[in-house]
Each structure stands twice: as structure tokens, then as C-alpha cells.
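Notes for the structure review
Next come the chains, spelled out residue by residue.
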Amino acid sequence: MSDLELRGVTKAYGNVEVIKGIDLKVEDGDFCVFVGPSGCGKSTLLRMISGLEPISGGDVCIGGDVVNDLGPADRGLAMVFQSYALYPHMTVRQNLSFGLENLRASKAEITERVTATAQMLQIEMLLDRRPKDLSGGQRQRVAIGRAVVREPQIFLFDEPLSNLDAELRVEMRGEISRLHRRLNNTMIYVTHDQVEAMTMADKIAVLRDGRLEQFGRPLDLYNTPDNIFVAGFIGSPKMNFFPGRVEAGGLRLETGTVVALPPGKFMLNEGEQVTLGIRPNGMQPAETGLPLTVSGVERLGGESYLYGTASDGTAVTVHCAGQTKIEPGTQIALTLETGEAHVFSTQSGQSLLRKGA
Amino acid sequence: MSDLELRGVTKAYGNVEVIKGIDLKVEDGDFCVFVGPSGCGKSTLLRMISGLEPISGGDVCIGGDVVNDLGPADRGLAMVFQSYALYPHMTVRQNLSFGLENLRASKAEITERVTATAQMLQIEMLLDRRPKDLSGGQRQRVAIGRAVVREPQIFLFDEPLSNLDAELRVEMRGEISRLHRRLNNTMIYVTHDQVEAMTMADKIAVLRDGRLEQFGRPLDLYNTPDNIFVAGFIGSPKMNFFPGRVEAGGLRLETGTVVALPPGKFMLNEGEQVTLGIRPNGMQPAETGLPLTVSGVERLGGESYLYGTASDGTAVTVHCAGQTKIEPGTQIALTLETGEAHVFSTQSGQSLLRKGA
Amino acid sequence: EVQLRFECAQDGNECDTMMTIFKQFEAKHPDIKVKMDLVPYKAILENLPVDLAAGTGPDLAKVTDLGGLHKYYLDLSPYVEKTYWEDNFGKTLDWYRAGPQDKGIYGLQTQLTITGAFVNKTLFDQANVALPGKDATWDDWAKASREVAKATGTRYPMAMDRSGHRFAGLAIPYGATYFDADGNPELNDPGFAAASKQFVAWNADGTMDRNVWAGQGGTSYADATKEFVNGELVFYYSGSWQIQKFADQIGDAFDWEVVPAPCGPAGPGHCSGMPGGSGVVGFKSTKHPKEVAELLNYLAQPDNYAMLEAKSLNIPANATVAKAGVKYEGATPGAAKALNAFSAQVPTISPVGYAYQGYKNNRAMFNITVTRLTQAIVGELSLTEALDRMSADLKQAVNAAQ
Amino acid sequence: MLSLITPLMQIIEWPMRALQRILGPRKLAWVFLLPNLFLFGFFTFLPVILNFFYATTGSDHILLEDRPYVGMRNFDELMNCTSYLDPNSCQIDLFWRAVHNTLWFIVLQVGFMVFFSMTTALILNRKIRARGFFRAVFFFPVLLSPVVVALVWKWILQDQGALNAVLDHFGLQTVNWMLSPTWAFAWSVFISVWFHMGFYTLILLAGLQSIPRDVYEAAAMDAASPWRVFRKITLPLLMPTMVVVLVLSLIKGVQTFDEVYAFTGGGPGSATTLVIQFIYQNGFAGAPRLFGLASAASILVAIVLIALTAVQLWITRRNANG
Amino acid sequence: MTAFLTRTRGRKRLHWTDWMAYAYLTLGVLLMFGPVLWLVLSSFKTERELQNYPPRLLPYVQKMETVPGYDKPLPIYKVTAGPLAGQEVAQIRRIGLISQVVKPSDPKTVLKVPFKDRKAVEHVALATSNYSKLFERFNFFRFFYNSTFITVMATLITLLVNSMAAFALSKYQFRGRGLVMALIIGTLMIPPTVVLVPLFLIVRDFGMIDSLWGVIIPGAATPTGVFLLRQYMLTIPDEILDAARMDKASEWKIYWRIILPLSAPAIAVLAILSIMWRWNDFLWPLIALQKQENFTLQLALNSFRGEFTTDWASLLAMTVLTLVPIVVVFAFLQKYIATGIASTGGK
Ligand SMILES: Nc1ncnc2c1ncn2[C@@H]1O[C@H](COP(=O)(O)OP(=O)(O)OP(=O)(O)O)[C@@H](O)[C@H]1O
Ligand SMILES: Nc1ncnc2c1ncn2[C@@H]1O[C@H](COP(=O)(O)OP(=O)(O)OP(=O)(O)O)[C@@H](O)[C@H]1O
Ligand SMILES: [Mg+2]
Ligand SMILES: [Mg+2]
């Protein structure tokens, strides 16, 4: 069994509490992604799980056993470091076999497992090179290989793709997903890239300032974020937020526009300050609707983004398919697809979605 | 006048020719982006323009004058380095004023220009910090500021955003665009990120292996790529390429599917081996059409990508709006929107688009 | 089997020669082996005392600080024939003793040296200056040397090794006593002061080669061998140990001679070199005192001793051997003549010389002389100041040595 | 070689693994430090402590148990001066002469050392042909033993040495270098710089090479003149390395002994007698050995050295921040 | 001056600053190498030639010729004045100011020449006997072995012990680290000459006097070494160590499989320094070693210095011989030197 459970885990450096009590249960075989803004404690949490960083409070359990006092080597984990941390003086083969040697595996077994791993990651022809003679993507694969070869119960990845360029990143993303499917191991993956999070994860844990904000399936987080932070963090470009007030079952935005909401979907109290959240592709330029001054247009070829400000000064991003003809400086109107809108309490930031709706 | 012209410029390191003769004319006030795969010579070309790297052949002209023998300081350029290359021991203010001091500007003038620049880039409150106390985005702005403050004729940027994380990157992208609009200077910008290229450029120069493949407006490159390389390089995800053969005015793909093409748009010879290029959003899942085995699905929330292989083994990426319900392993059919299709000669790779069509 | 360790430093071949004799000894005493450690002279001077104090010294060694190491010496008298030693080594035995009341036998003087002057005879000939005769004073020599140097364009008229021991060869004829009436050492008696004054003056006026004394500092040793060999020096005050070197290196480039000991201002009767040299001693700390004594006794026997002196070209300190004369092996006629000239000076050595050489703290006095006199020569101190400092230094040294 | 080391390391691994289990990885650091601390403890710290005992005892006996306690007398004697500026007024005038000489020596030596090693490092840092060769050449003297260095230069500089022969040959005025206190001192400084320069050059070269290239390119784009690049970029960025060089050369400068002693013996007179020579001559080479005085002197030197280093660090640190 | 101070200028033609740089370097080569070259050449001179003034660069010896009728070869002179001016003659003997000479072509007729009017005929010849004498005179290889043993063992121990300490000081956080660092830097301040006597007594109490280990052990922990290695190790990223920990490597294994190989450049530099220190060390071996069979080359070298005289020819030859191995080692390791400190110097 290789499920992982964190129970009220905390970490303090001196007086500064960096992890403020996190409870989390990752099921066996899950691909769990940690996301969150820089400095929120993702790496720290990962290192606490790995045993490289002692924990200040709470319990880390692996397969049901509390492992707080076990060293990193004894927890049966493997970690892929953000910087890869390959052994620069060893060949790829030596990099892969180092861990096995430490486990006192037999020569034959080492050879066999290294070969198998190299085959799987398609780095057989690189086995006798040193890290410095490898490209970024190849290094990445070696780093993964070093983890894979030991057949750990749980894999930990710390932003493994952040050093790669965009193209390679897409490629490696696929590769790691395939690896997960093949090995069916528990994987914990830290990233600050939402695309990675969305496309790779079975479950996403959104962290913020040492606390767990939400934990769930990617599309659940996308579709039903618990709070304004998660809503803003998941999805790219960012969700647009319009401040407003509940008026007669509908919403009056600060721009003056009145928006009707699907009845019963949200728990609304008349007169409450709320924030309406609509994703860039939840709005369409139309004849009438929310007025928007377009300040910038980005045409990517297959799709375009309009950047602009609403009349109350709210910055708004709109997604258009294809190559839009709208030019910066023009005044347009937007229809809001309220079916996919989100409403949050302005005060608490919590979603007002009616549970079970 | 600050237009820039390269005439048959070459560069060789020892025997290795890295830049193989490039002719290029960047108009005054243009924002020109150099893109190309890693190692194609983008940085080298930029450094040759800057004067940091001596050129092996050809001429570099700025404002009509050949500047081959001028040192970097005398060409009236400013460069923003990929690594920023801030002076680590100087405060932001000193970083900004260093260049002006070298030009023996008066104290008062220095103060004035530094203040103005800092205001423009919103780094006034950082003026007395050292680079190490700045965040990545702030450093970036200081690096730009150092270039701006000297009011150069031409700006050179070498992948200035590649070190930043995704969020900051988007932000800085906007900032540089605004800067260009404001200063209306000539800017040359190296990147390997197509989104940057597409959204920021007035003109894009696609380089490959030391040669210029195409030079033009971003959407021109996107819509009418000259050859298969440019077609594949511009646009993300990559265009799909299907090998086929011209048959009776239409196209028979290797998969067996026959595709009808808009008549007269392409110069086709019966029986010729050609490659059909269709972007991921040029295809839609439908009842009938090109059969595809889906091997992977990425759901980003607002859009999804299907990855699969056609019957002849061609890897295909399909874009779907929203959150598709299709699961990996299923068999689907695709309709191809031939209106936006591209056809290339398989042999030469050149586009077969009829000029003026 | 007994192994004896013998520490030795050599200028020529004296250690090697001793070893050949010891080999003969070994042949006669199969149970005794002698192992020689050939060391830098610095080790004898600086490290041996530390080793001895720390109890890690050798069984025997050839030493030069004869009185200073007295407390470590093995008394040989229980093992050797005392009268033979007393008769033959007479005066030199005192040098190893603690004082007049001490009757022990501690060391075998293997090398007797005398300070003395060498002159470049050829230069005298070229200048047509006659060599000053037997009773010539230092002043006569200085005058003659200057004259020769001037006439022949020679760089330096005179030079003296940078050593307090050599300086005694000048000071004693000038009347230096080195000890006051109570037998306490002193370094500013009138004779010593006069000699110092003269020496400083000669260094100042170019009579003496300044390089030798003024070119160094502290207690470093320096000589003028090079200048003499190159024929750039008329009169060189050094000692008997130089003979072999001169014979080898000068060859027939010019003629050189050893002259009789120059006299003090008081004239004849006040002419003396300074005796010195080295001897082999056994140490108390040895586990084999008897064997050490036997070995030294063997070396002291006339035949062996004569062989040692003959091969190593030294002046014998053994009366029997001296009387019989030494047939120096492999010496050029010039060298043999010079050796004999030195031998002839042995009887004229002043008692002050013997006393000074036998005084246990004489090294300190040598060092002080050199250090301070040099300061006077280069002008760091006036002569009076230098002499005062010498007294103070000496007092400090004597105090520390108690 | 490697085949020899590997089994050894593997053998050590067993006990170390056990220790790691018992102590945990943090305390294991002490195990790694232990051999070094053991050696330092016995062969550096202990002698230093014994030195204190020597300093407070008298006589020329070597074994501490034979030496009578004299309290601070040795220090008193050393410090007994009417004026510390005039060695002649001191009881132990030679010590103060040595102190004065040493102060001058380190001022000049550190100054020239930094200047020349800096110049050399800057030149070797340029794109020049045969850089490896030149680097080796400048490092080469470091390999020699002090005695050899002194010997070689003595042969060159003595009255009848090579330099005078060359001057003579060209009809120039020869100088009796070793006889003039000023020249002898100057040459001592020169030789010491000649001998050790390569080491500092190397450290500075390394420092120069660690300055990122792109900063220089940025400066080139900023139209900075060479002098300004040096003043405003190179020098400040080299400061940390410079501190290492300054501190090391100061410490080693005060400790200079072998090469100068072998070269001039401290002369002429006492013109080039440095403190360590004073200590050596009194404590080791002298007769009788004044261990107490020598030890006391060495303690005074150590105190001054620590103070000097602290001041130097303080100044450089302040400059670096200011 | 200012022109020296900048980095390369990236021009194709040599800039005038390049000329200055090359001039400086050439001067440097002369100044740095010249004296040593002089030393090497001198080691091939006869004792007599060594004493000669003015000194000459190349080793000369006087021409000797065997003339019929004389058993030994006679020295050849050139006559500079008089009726024989310009001729080469062999000198039989010299009496006072007159030389008796013969012409080699006419050995029977003895001629007289004023001794001032002749000049020795000399030619360049290497006095290799300086070297051969060494091997005859004593067991050179014994000393060589001792020196090598001391150098190799001491360097190995130094590298091991210092790198272990540097590892602990650079890669662990523990209480007392600052103190240990300060102590180690503090020991930099102690001139070795000053503590010779107490050190001697301590080594004696360890029973290591007069054993090679007595030379090897006391200096094995050098503050410079710890300092140098620590600075370098600080630049090794901690993540690599963490990776090894995840790979189940023990701390010792991390030390010798990861840290040691990665510190190779710094270790090479320390190795050169240590080899040089040990090989050239004189004062401490002089004190610690007494038996000649334990002597190092440097001690043997110094046994040419007697009380009154020094055998310069042998001393110089020996000096050159002792120089050779260290130069060879240096040649092997020199390419590491700059890279080594280059990376240590960063921080
Ligand atoms: N050794 C330390 N001492 C004190 N504070 C620390 C230490 N290590 C990390 N922190 C702090 O803990 C917080 C969390 O750091 P962590 O590295 O886990 O962030 P992260 O989420 O991985 O960020 P990023 O996305 O930038 O990698 C940060 O605010 C950081 O400053
Ligand atoms: N100093 C040099 N010597 C030899 N080859 C060089 C040198 N500098 C660059 N190159 C080669 O020139 C080619 C172009 O390099 P350049 O740095 O311009 O690429 P680039 O397009 O900027 O790539 P990237 O996107 O990775 O920065 C590469 O193949 C590189 O290996
Ligand atoms: Mg992190
Ligand atoms: Mg580049």
C-alpha cells in the first residue's frame, strides 16, 4: 500500500510558521499535484514528505504507518528535483545505478533494472554520457529514471519542468503522464504552472501561504472552486472578477449592468456584496451587453485575447476563437454566459454555490 | 533614422558557419521578433547587431550607415540581456545612471532621466535596492530601464522573459508592448516562445540553422507560411501534417481519406507527393471523417486537446472548446476544415499556395 | 649486538674518514656496529642540544660547542686509560670539562683548528711589496695589504670571516681578556674595545671587505673564500680548515701562503691565533657507555688518530702524533706547507684563547660579538653603544644559562 | 590509486554507517571533524598553549618541568622601552628593530603583492595566446623552496653577482645591493613578492573569472571606458576575493622568515631582521636559548596579528558595504 | 595602466594594450624563469667556475691537452702579449710571476711567459660530475624514497582529513560550527617556526620522533586546506546531496562518492600545495628526524653545508634534482589549478 496521509502537519523555521497545519490524503495510485503561488510552501511540504526536512508538528503516514522518524532513505520514496540534481561526475548509467548499489542489489539485477528503465525512458543510447553532455529534456528523463529505477512506492516531483523551454515542456508532460499510467504509482507533483496541473493531475491540492485551500479533481476545481483564490488561480488566463451586489435575485455589478443568475444555484442574500466570476471564454463580444474599452489585443492565430477595462475600472480579459478583427481602442459590448458564472462572497471570498446543486 | 539593415551577414566560429548569410531590413519603429529553434543563431545575430560579436562577412547598417567597425558603445543601441546582467554591486539607481555617467551627462540630467525612467517602469521605490533584493520581474524592469534611460535608437532584447514564471511573463509581455508603443523605437526581440512572438511582434523573422526562413507580419506567417518549417513552428500546438498525393484536383491522404481543396488556391500537379497541413483547431470531431484513435486528452478547463494517431500512424492534435467528454482509447472521426488548410510540396517543403490567391 | 649511532657533520671528509676507522674497529669487535648519521651542521648546532635535552639524542657525535654541551657528556675515564689521554690530549681535554676542578675525560679532539691569515703571495710579488715578517702586527699587515691592493688594483685588502671566534684572533693580540679577574666573562675589556674600534675603522675605510660582516645580519656566518680564490683579496683572516679548499680551487692561479699569527699593537709576544675545532663525544644517555668509550679510545690511538688527521688534513691535537709529524695524504705541496705552518703556531696560542675556547657559554659570546659589532659597522649603533649592548646581552645570556 | 582508495573508503563506511545510526546525520558532522580537530588539537593548539607556559618561565632548559616560573618578566623585558618608536631606547632593542622592520615589510610587501598579482591576473584574464603557459610561469616560483629562492637571488645580487655583472657589462654603476640597508630591504620585499605572487595571482584570476561575462558586455553597451569598467565593475566585484588576498598576504607577510633569513641573515646589521627571525634566533638558534623571551614575543606577534586582521576585515567590509 | 585593466577587446588586430600585455608577460617570463634557469645552468658548473667573477651564464672549463712528454694533461692558455702573442700554449708550471709553457706542436722547448700575459682557453662543458658524485656519495634513492613517502602519505592524509572537515563545515548545520571555523582560521595566524620546541616535545611524547610519521602527522591538518576546500564545497548544490540521501546513500558514502569527486579541482590545488610544502619542508624534518636513513632530500641537500664551507656544486646539483619531481607533478596538475581556484573563488 502506498497511500500518503498528512495529519495536521506543520513546519516552522525559527518563529516563522511556513506550513500551518495541512491535512491531506493521497490515495494509492493517484497523481496528485500541488499548486500555489511562489513561496506558499510547496517545496517545503514535499521535502517534509520526503524526510529531507524534519517536521515541526503532525504526522506523515505512508501506507498507514507514521514515518516521522524515518530518514529519507527509509521511506521508500523517490524524488525528482527541480534542478534534477544529477551527479555531474557520473555517467547516466552510474547515476541510475547509484541508488541500487546503495541497496546492495546484485550486479545482474542492477544491470537489468537500469537497462529496463533506460529503455522505458528511451535513454539507452545516452547511458555512457555525463549529464553535461545531455540536453535539458534528456537530463530530465535521467532524473526521472533515477527515481524510477528504484521502484519506489511514491514519486515526488518538485517543479521538474520549470527549467525547460515551452516545446520540451509539452513533450515531457506527456511522458510523465504516460509513466504514471504505466507504473500506476502514487505521484506527488509540485508545479506553479496551471496547465501542467490541469492536464496531469488526478487530484490537485491548491496551497496558499502554508494552508490547503482546496483539494480535488482538476475539473472540479475549475468548475466549482471553493473560493475566490482557487477560482483565480486555476485556469489561464485568469477568471475575471466583477464586484457587485445582490439585487432582486439577480446581480447588479458596479458597472451598472444587471446580471441574471440561474435561480437556486447560489445562496444569495439580498443586498450582500458579492463578486461575480466569469472566465475569459464565458463572455462574447456582442451588439449589446457589458460595455468594455479594449486596450490590447493578442492574436495567437488560432485564438485571440482582448484586454480591456469595464466602466468601473475592472480589468477584463476576453477570449475569442480565431483571429478577431477588433482593434485596441474600440468600445465593445460583452454578453456574459451566466450559466458558467461563479459567485463569491466579497467578504469571506467563499463560493456561494449551493452544495449539491 | 533608426532602421536596421543586415546585408548578407555571416558569422563563423572557426570552421563552423553559424550565420549563413542573412538579409533583413527592419523599419524604423518596428517591433521585430527573431524566433527559431534553440541553437539556430538568434542570440548570435543579435550580438552581431549589438557589436559585441565581430561579424565575419556582410554589412550591418544602422540608419543607412555601415557600422561594422564601430564598437558596441558607438552604435547607439541598448541591449537587454537574457540574464539581465545587472551590475550586482550597484543600486538600481546606479545601474540606471552608469551608462549616462559614461556619456558624461550632467548630474542634473542624470537625475532627471533616471527618475523619469523609473516612473515609467514603476520602479521608483526600488531605486536604492540592489539587484539581489529584487524579484525576477523587478529585475527585468530594471534591465529594461537601464536600456531605456539612454534613449537609444534601437533596443535589443535577448529572451528577456525566459527566466520568469508564467504569470509574471504575461505581465511583462504587456509591459514591453506598452513601452514600445510609448517610445516608438525600433525593437529587436529574440524569443523561442511563439506566444510572445505572435502577440508582440510587428514583424517576425523565423530563423533556422543560420538562415532566414521567413520574415513578415505574425498573422501572415500564421496564415500563409512559406514552408513546412514555418508552418510547424508558428502556432501552438503545432500544425498537423498529413502526407498525401494529389489526385484529381483533390488530395488522397495516406490514411485513404480523400480531401477536397478550394479550387485554384494551390498549385497542384496530378500525382505529386504533397503534405496537407491543418491546425488543431481546423478539425472537429464529427460523425464521419478521418478516423482517429485518441490516446490522450488534456482538459484545461476552458479548452481541451485530443492527442491521437491516424490510421497511417500520423500523430494528430485536435483542439476542442470547453471540456470534452471524449476519453482516451476511443475511436473518433474528424472533419477537416479545408478552407484553412495548407498544402506543401513534400519534397521541397515549400508552400504550394498560389501567389495572389 | 650493539649498535652505536654517531651523528656527524663535515666540511671535508672527516666524518667519512672516521667511518673507515670505525669499520676497522667493527672488524675487531664484531658485536659492535657503528651507524653514522651524516647531518647538516645546522643540526649539530641547533637540534642536537634539543634532542639531548629531550633524551632522544644519539650515542655519540662530533660537536663544536665543546663546553656548552658538557652536561650531556659521558665521562670516559672509567673505561679508558687516563694517563694516555691526559698525556696526549692535555689542553684540549679541558675544553670539554665543567671547570678546573673537573677531572673527567669527555671528548676526543679530532680536529684542532687555529685561526690564521692567508695572503695572496703573487699579489705581493706583483706589487713588489715584501711580506711583513714573523712579528708583524695587525697594523703592519693592514698597511702592507692596502699598499698591495692599491698597487695591483685588487678589490679588497683584507677580510675576516664573520665569526666571533675569528674576531678573537684579532682581539686577543690586542689584549682582550674575555674574563674579568673573577673569571666572569666580559665583552668590553680595554683590549676587546680597542680591537673592536680598530675593526670598525678598517671596515669603514675599506681596509676590510665590508661585504663579509656588513652584508649579513644576526649571527649568520659568512666568509670571503670566494674573493680570495678569485685573487681579489690580499689578506684573508680565516683558519686552518680552508687549506684543502684553497689547494683545490686556486690551483696554480696564484701563490698563497699562511703567515705567522699577526701580533697586537704591543708587538712580539702578543701574537696568537684562536684555537678551536671539533671533537667526538659520547653522551650520558647512551645505553652502551662501555662500547662508546672503547670506540673513542680506539680512535684516539696514535695510528688511527694519525690516519684520521692525515686523511682529513687536520692539525693533530694528540701530542704523540704531533711530535711524529703527520704525513698528509693527497695534499699538494702548498697545502702541506700551509698545514705545517699552522701546526707551528700551536705553541704560541695565548692562554686566553684556550680559556675562551673552553668556556661553556662561548657560543653566546661569539654570537653577541658578531651581532653587535656588525651593528656598529653599519652604523646602527655607535661603538660605545654596541659595547654596552654586548655587556647587557651577555648578562642576559649568562643568567638564562644558569 | 583509485583501486587503493575505494576499498579503504568502503571499509570505513561500516563504522560510519553505524555511527550515523546512533548519532543521526547532524551529530555525524563532529565525526567528520574529529580527525582534523585531533590533529589541530595536539599539533597546533597544544603547542600554542605550551607556548604560554614557556613565556612565563625562564632559563634555557627545554623541558617545562625544569623551568622556573618568572611571571610576566619576559613580557616586561620585551615591552621595556622609553619610546616604542626608537628601538635604541628599548631593553630588547633587536625585538623592536624587528617589529619596525616587519611593519614596513608588510606595508610594502602587501602593497606590491596586491598590485603585481592584480596586474598579472588582469593580464592573464585577457584573451591571450598561451595563457596556460604564462599562468604556469607566474605560478612556478611558488613551487620552489625558500632556501632555493634565497640562494638564487643571493647569487644574483651579491656584490660579485649576476646583476652587477650585467650592469658592469653595460657600463652602468654597480651597487653593492646587500650592503645598503635600504637596498637589502627593498630586495627582500621584492624576493618575497616574487616568490609568493603566483599564489595570489591565481586566487585573483579565479575571482576575475567568476565575474559574469555578461556584466562586462552590459558595460560595453553602456559605453564605459576601460578605466571606468575597472573602477566601477571589476574592482567592486572582485572585492570578496581581494579580502581573501589581503588577509592571507597580511598573515603570511608577518610570518615571513625563511626566504629573507636565508637571503640576508637579517642584515646588513639588523636592517632586514623580521620578527619571526628574532623569535627563531632567540628560541632556537641562539646560545643559550631564550625560549621564554621567544615565546613571549610570539604571543605578542599573534595578538597584533589578530588585531590587524580584524581591523583589515572591518575596513574592507565597511568599504564593501559603503 | 588603465588599458591593462580591462578584459579582452574582441578585435581581430592586436590592440596596443595587447602589445603592452605581451611585453609585461615576456618580462614576467624572464623574471620568473630567469633565476631558476640560472640555477640549473649553475648546477653544471665546476666549483671553481661557481666562484668565478664576473659570473658567466654558461658553464666553462679550461681546455686541457695531453702533450707528449708529460703524464698529465696540461692546461692551455692563449698568450696575449710578447713574441708569442696570439698563440696557444700549454703551461707546465708557474713559478712566481712567470709561467713555463710549451707549444703543443713543439713539446721540447720550454718557454717563459709573464703570467699576466696569458689567458686561459676555455670551452663550454657540463660538469655532470656534480650529479654523478651525488649518487656515489650517498644513497640518493633512500632519501628520494623517504621524501616521496612523506610527501605522498602526508598529502593523502591531508586531503582526507581536510576534506572531511571541510565537508562537515560546508554541508552541515550544527552548533559550534562558527567556533570551529574561527579556531581553524585562527591557526592560520600561528607561524610554524614559533611552536617548534613545544611541538617537538609533543611529538616526542607520541613516540614519533625519528620516524617518518613524526614528519607526516603533525602538519597533516592545514587551515589553508580546510579553508580552500570548504569554499569550494559551498558551491556544490545541496540538492545533489539530498538526491543521494533519497538514493539511500549513507553520509560517508555521500562524502566519498559525491563530494570528493565533485571537489576534484580544489583537491588538485590542495594536492599541489601540500606536495610542495612537504617536499620543500626543511626545518621540521631537521628536528623530527635524526637517523640518516630517515632523512629527506632537503636534509641530505643541507648536509653539504658544513661549519665553515658549503659544497656549492653538489648543493646546486642536488637542488636541481629535488626540483625535478615537483615540476613534473606540477606539469601534471597545473591544468586543474586555475579551474580549481576559479570555482572556489566564486563566493
Ligand atoms: N531554511 C529556511 N528558513 C526560513 N524560511 C524558509 C526556509 N526555507 C524556505 N523558507 C520559507 O518558506 C516559505 C515556503 O518556501 P517553499 O520553498 O516551500 O516555497 P514554494 O512554494 O516551493 O515556492 P516556489 O514556487 O517559489 O518554489 C517561503 O516563504 C520561504 O521563504
Ligand atoms: N563561441 C562559440 N564557438 C562556437 N560555436 C558557437 C559559439 N557560440 C555559439 N556557437 C554555436 O552557434 C550556434 C548558434 O548559437 P546561438 O547562441 O546564437 O543560438 P540561439 O539561437 O540563441 O539558441 P538558444 O535559443 O538556445 O539561445 C549554436 O549551434 C552554438 O553551438
Ligand atoms: Mg519550490
Ligand atoms: Mg540564445
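Everything numeric here is computed off the predicted structure, so don't read it as measured data. Within any chain, residue numbers begin from 1 and follow the written order of that chain's sequence. A letter from A marks each chain and a number from 1 marks each ligand, given out in the order of writing. Under the rules for a predicted model, residues below a pLDDT of 70 receive no local features and side-chain atom pairs below 80 are neither given nor counted, while totals for whole chains, interfaces and linings still include all residues. Hydrogens and water are ignored here; the side-chain numbers use all heavy atoms of the structure.

1. Structural notes on the overall build of chain C
Runs of H or I in DSSP of at least four residues are treated as helices and runs of E of at least two as strands, each being numbered from the N terminus. A count of helices and strands for chain C gives 17 helices and eight strands. For this measure, only C-alpha atoms enter the radius of gyration; the expected value for a globule follows 2.2 Å times N^0.38, where N is the number of residues. Computed over the C-alpha atoms, the radius of gyration of chain C is 21 Å, within 12% of the 21 Å expected from 2.2 N^0.38 for a compact globule of 402 residues. Judged by the C-alpha coordinates and their principal axes, chain C covers about 65 × 50 × 35 Å. Buried, partly exposed and exposed residues are distinguished by accessible area as a fraction of the type maximum, computed with a 1.4 Å probe on protein chains only: under 20%, between the cut-offs, and over 50%, respectively. In chain C, which comprises 402 residues, the proportion classed as buried is 64%. Excluding contacts between residues fewer than 6 apart, the proportion of contacts in chain C whose partners are at least 24 apart in sequence is 73%. Here, Shrake-Rupley sampling with a 1.4 Å probe gives the accessible areas, and only protein chains in the shown set may cover a residue. Counting only carbon and sulfur atoms, one obtains 53% of the accessible surface of chain C, whose full area is about 13,500 Å². Positive and negative side-chain charges in chain C, numbering 36 and 46 respectively, have mean positions lying 1 Å apart. In this analysis, two residues are considered to be in contact whenever any of their non-hydrogen atoms come within 4.5 Å of each other. Charge convention: Lys and Arg are scored as positive, Asp and Glu as negative, and His as well as the terminal groups of each chain are ignored. Think of each charge as sitting on NZ of Lys, CZ of Arg, CG of Asp or CD of Glu.

2. Some points on the site of ligand 2
Residue and element names in this part refer to chain B. Summary of the distance rule: residues count as near a molecule or strand when at least one heavy atom falls within 4 Å of that molecule or strand. The local shell around ligand 2 consists of Tyr-13, Val-18, Ser-38, Gly-39, Cys-40, Gly-41, Lys-42, Ser-43, Thr-44 and Glu-159. We call two N or O atoms a polar contact when they sit within 3.5 Å, provided that within protein one can donate a hydrogen and the other can accept it, with sequence-adjacent residues counted only if both atoms are side-chain atoms. Between ligand 2 and Gly-41 there is a distance of 2.9 Å, counted from an oxygen atom to a backbone nitrogen or oxygen. Thr-44 has a polar side-chain atom sitting 2.4 Å from an oxygen atom of ligand 2. Calculation on ligand 2 without its partners gives an accessible area of 640 Å², and the protein chains cover 56% of this total. The element that contributes the greatest number of residues to the shell around ligand 2 is helix 1 (residues 42-50), accounting for three residues.

3. Some points on the domain arrangement of chain A
Many structure descriptions define interface size as the accessible area lost when the parts assemble. All names here are of chain A. Domain annotation for chain A reports domain 1 (4-227) and domain 2 (237-345). Summed over both partners, the interface of domain 1 with domain 2 buries about 360 Å², with 58% contributed by carbon and sulfur atoms. When residues of domain 1 are sorted by the area they lose upon contact with domain 2, Tyr-222, Pro-225 and Asn-227 head the list and together hold 87% of the total. For this analysis, a salt bridge means a side-chain nitrogen from Lys or Arg found within 4 Å of a carboxyl oxygen belonging to Asp or Glu. Summed over the shared surface of domain 1 and domain 2, the result is zero salt bridges. Our enumeration of links across domain 1 and domain 2 arrives at one residue pair in polar contact (both at pLDDT 80 or more). The residue inventory of the side of domain 1 that touches domain 2, partitioned by class, reads two nonpolar, three polar and no charged. Note that the domain bounds reflect an automated or database-derived domain assignment. Buried area: the sum, over both parts, of the accessible surface (1.4 Å probe) that disappears when the two are put together. Polar here means any residue other than Ala, Val, Leu, Ile, Met, Phe, Trp, Tyr, Cys and Pro, which are nonpolar, and Asp, Glu, Lys and Arg, which are charged; Gly is therefore polar.

4. Some points on helix 4 (residues 136-148) of chain A
An α-helical turn contains 3.6 residues, so a residue and the one three or four places further along point in the same direction. All names here are of chain A. In this scheme, a helix's expected span is set at 1.5 Å multiplied by one less than its residue total. Between the first and last C-alpha of helix 4 there are 18 Å, a value that for 13 residues agrees with the 18 Å anticipated at 1.5 Å per step. A large share of helix 4 lies buried, amounting to 11 of its 13 residues. Among the residues making up helix 4, those that are buried are Gly-137, Gln-138, Gln-140, Arg-141, Val-142, Ala-143, Ile-144, Gly-145, Arg-146, Ala-147 and Val-148.

5. Comments concerning the interface of chain E and chain D
Taken residue by residue, the interface counts 103 residues in chain E and 109 residues in chain D. Note on chain E versus chain D: buried area summed over both sides is about 9,600 Å², and carbon and sulfur give 78% of it. If you look at where chain E meets chain D, you find one salt bridge. D:Arg126 is the salt-bridge partner of E:Asp18, the closest N and O atoms lying 2.6 Å from each other.

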